[in-house]
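# Chain and residue survey
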Amino acid sequence: MSFLVEENPAKRRFEILVDGALAGFTAYLPRGEVRVFTHTEVRPEYQDMGVGAALVRNTLEQVRAEGGRVVPQCPFMRAFITHHPEYADLVVAPT
């Protein structure tokens with residue numbers, strides 16, 4: 001099983017493809033260099049396979065590489081960051 005996470009700026013989200021099929025996304029609202037993540041969704045047939053974690057991890061890595069920051073309003077992303085404190089430096093307080 002291969003994962004590919006790509007940003008889809010037109011839809012304001014990062015999408016994860018599993019073996020070429022759209023398996024999920026994490027949506028955001030852009031606020032300059034900060035992205036406010038509002039919702040993460042994984043299609044039912046891809047749940048409990050690590051797809052959500054791969055999506056969020058790769059999204060955060062891409063945001064970090066761009067020098068951006070995040071506001072994790074989405075409960076899934078917030079929980080992921082809580083369990084992976086190596087991403088805590090990307091979090092800013094909501095404005």
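Relevant structure appears above.
Rules used throughout
- Residues numbered from 1 in each chain as written.
- Predicted model: local features only at pLDDT ≥ 70, side-chain atom pairs only at ≥ 80, totals over all residues.
- Heavy atoms only, no water.
- Patch = residues over 30% accessible without salt bridge, like charges linked within 9 Å, V, L, I, M, F, W, Y side chains within 5 Å.
- Areas by Shrake-Rupley, 256 points an atom, 1.4 Å probe, with all protein chains shown as cover.
- Salt bridge = Lys/Arg side-chain N within 4 Å of Asp/Glu carboxyl O.
- Helix = DSSP H or I, 4+ residues; strand = E, 2+ residues; numbered from the N terminus.
- Buried < 20%, exposed > 50% of the residue type's maximum accessible area, 1.4 Å probe, protein only.
- Phe/Tyr/Trp six-rings, centres within 6.5 Å; stacked < 30°, edge-to-face > 60°.

### Things to note about a nonpolar patch on the surface
There is a patch of nonpolar side chains on the surface, built from Met1, Phe3 and Met49 and spanning about 300 Å² of accessible area. Here methionine 49 shows up in the loop between strand S4 (34–42) and helix H1 (51–65). The exposure class assigned to methionine 49 is partly exposed, which follows from its relative accessible area of 36%.

### Concerning the packing of aromatic side chains
One pair of aromatic rings is described through two measures. These are the centre distance and the angle between the planes. Enumeration according to the criterion identifies four aromatic pairs in this entry. A centroid spacing of 6.0 Å and a plane angle of 35° characterise the contact between phenylalanine 80 and tyrosine 87, whose relative ring orientation is tilted. Assessed through its relative accessible area of 6%, phenylalanine 80 is described here as buried. Of the residues examined, tyrosine 87 reaches a relative accessible area of 4% and is grouped as buried.

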